[in-house]
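# Structural features, examined
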Amino acid sequence: MGFDYYAILDIPRSASDTEIRLAYRKWAVRCHPKNDFHDVPEIPLPSMSLPHYWELLNEAFDVLSNPLRKRIYDVYREEGLKKGVVTPTGFVQPYVFSNDCMKIYKDFFATYSPYGDLIDAVTNPPPLCQNDASLVRTKAPDIEQFVDLELSEIYHGAIKKMKITREEFIDEAQVRTKIVEETLTVPIPAGVPSGARIRFEGAGNCSPQSFPSDIVFVVRERPHERYRREGADLHVEVPITLKDALVGFPLELIGVDGTWLLVQIVDVVHPGYEKVLKGEGLPIPDADGPVKRGDMHITFTTSFPDFIPKDLRGKFRVLFEELYQEQL
């Protein structure tokens, strides 16, 4: 059956990457071989010796903290992981644990010691790095989250309340963390482009081996039932009849902001015809002076009758002959 890496770390199989790292941090410090063990820790597997558990703890973390190894383990368990498996992208070589538990510990905590060096490594990392650039405290990767917006919110601008989950220090030494849930107020400027990134400096995960990450909200635009956006311009397609295309008609539209637009179409709507309404598009962000807006581009699809009675065809023929005579 092999070992259950999740049971070794004392976490459920649904545990996130953050929960895996928190579990390793908890048990690695308690079970470190250099710990003087004034109180012998109660490990998740009490029938196992502490040195044996220490080795399995690091092996479990080495597997579950690696996305590919974790996926293979979740599907094929330890047997598949250590024999190799065939995937759609090719054969994955068997996993072999390095047995270098102290290296795994050092890579995680930026120190070999479970005591004072850990705190010093956080507050003054360079002297303890022993000229090893890989141990210098760096900034943690950004935490990215989408913020989905309706076109009307982009038109007017908005204030969005976004829930985030992050790691936060719970001690003055900045060694232990807990997972907290917070709500951030995200200002959405009018006309914000899709894909824009709204950054909250240092509001992300805290960790002893890295500076707090940033939280970045990426703007994602929901499709609109009528309008299509291109930059600050709006595009809309309107179906019309052959009669409307030839003699003109009043066009009524509901704008993105909910207001009614009335446009009198007096031109002949030929294939490729486009009506442009200046300044009826979205606000242009960061425009100097008064607010500037893009344009609205209106195109038309003309529907033709499926059948014309014979007597009407004659009348149309006469009318078109008169029309073409007028144009000569």
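Each remark here, short or long, concerns the structure printed above.
Heads up: these notes are all about the structure in this document. In this text the structure is predicted, and so the values were computed from the model without any measurement.

Interhelical geometry of helix α3 (residues 50–64) versus helix α5 (residues 101–109) gives an angle of 55° and a closest axis separation of 9 Å. With respect to their mutual orientation, α3 and α5 come out oblique. Every pair of crossing elements has a handedness; the one defined by α3 and α5 is left-handed. Side by side, α3 and α5 meet where W54, E55, N58, F61 and D62 of the first sit next to C101, M102, I104, Y105 and F108 of the second. The residue makeup of the contact of α3 with α5, split by class, is seven nonpolar, one polar and two charged.

Another point: the environment of N58. Looking at the element boundaries, N58 is found in helix α3. Each C-alpha atom, one on N58 and one on I104, is 6.8 Å from the other, the two residues being 46 residues apart in sequence. Looking at N58, its side chain comes within polar contact range of the side chain of Y24, at 2.6 Å.

The subject of this paragraph is the nonpolar core. In terms of nonpolar packing, the biggest core is built from 39 residues, with F217, L251, L253, M296, I298 and F300 touching the most fellow members. Of the residues forming this core, the biggest block, four residues, is contributed by strand β11 (residues 233–241). Ignoring any residue separated from it by four or fewer positions in sequence, one finds M296 in contact with Y227, L234, V236, L253, L261, K275, V276, L277, E280 and G281.

Judged by pairing direction, the sheet is mixed, and its three strands sit side by side in the order β4-β9-β7 without closing on themselves. The two strands at the open ends of the sheet, each matched to only one other strand, are β4 (143–149) and β7 (197–200). Looking at each pair of strands side by side, their axes are set apart by 25° on average, direction ignored. Both β7 and strand β9 (residues 215–221) contribute to a ladder of four bridges, which runs antiparallel. Across the sheet, the residue bridging to F200 is I215, located in β9.

In this section: a nonpolar patch on the surface. On the surface, L246, V247, V268, L312, F316, L319, F320, L323 and Y324 cluster together into a nonpolar patch covering about 820 Å² of accessible area. Listed by contribution, the elements that provide at least two residues to the nonpolar patch are α9 (242–247) and α10 (310–327). The element that contributes the greatest number of residues to the nonpolar patch is α10, accounting for six residues. For L323, the location among the structural elements is in helix α10. You can call L323 partly exposed: its relative accessible area is 37%.

Its 15 residues place the ends of helix α2 (residues 17–31) 21 Å apart at the C-alpha level, agreeing with the 21 Å of an ideal helix rising 1.5 Å per residue. Along α2, the positions that sit buried rather than exposed are I20, L22, A23, Y24, R25, W27, A28 and C31. Packing partners of the buried residues in α2 comprise α1 (5–9), α3, α4 (67–83), α5, β5 (158–169) and β6 (177–188).

What counts, and at which threshold
- Residues numbered from 1 in each chain as written.
- Predicted model: local features only at pLDDT ≥ 70, side-chain atom pairs only at ≥ 80, totals over all residues.
- Heavy atoms only, no water.
- Axes fitted to C-alpha atoms, helices over the stretch in contact; angles between N-to-C directions.
- Helix = DSSP H or I, 4+ residues; strand = E, 2+ residues; numbered from the N terminus.
- Parallel < 35°, antiparallel > 145°, perpendicular 65-115°, else oblique.
- Left-handed = near helix turned anticlockwise from the far one by under 90°.
- Contact = heavy atoms within 4.5 Å.
- Nonpolar A, V, L, I, M, F, W, Y, C, P; charged D, E, K, R; others polar.
- Polar contact = N/O pair within 3.5 Å; in protein donor to acceptor, adjacent residues only side chain to side chain.
- Core = buried A, V, L, I, M, F, W, Y, C linked by side-chain atoms within 4.5 Å.
- Buried < 20%, exposed > 50% of the residue type's maximum accessible area, 1.4 Å probe, protein only.
- Pairing = 2+ DSSP bridges.
- Patch = residues over 30% accessible without salt bridge, like charges linked within 9 Å, V, L, I, M, F, W, Y side chains within 5 Å.
- Areas by Shrake-Rupley, 256 points an atom, 1.4 Å probe, with all protein chains shown as cover.
- Salt bridge = Lys/Arg side-chain N within 4 Å of Asp/Glu carboxyl O.
- Expected span 1.5 Å × (residues − 1).

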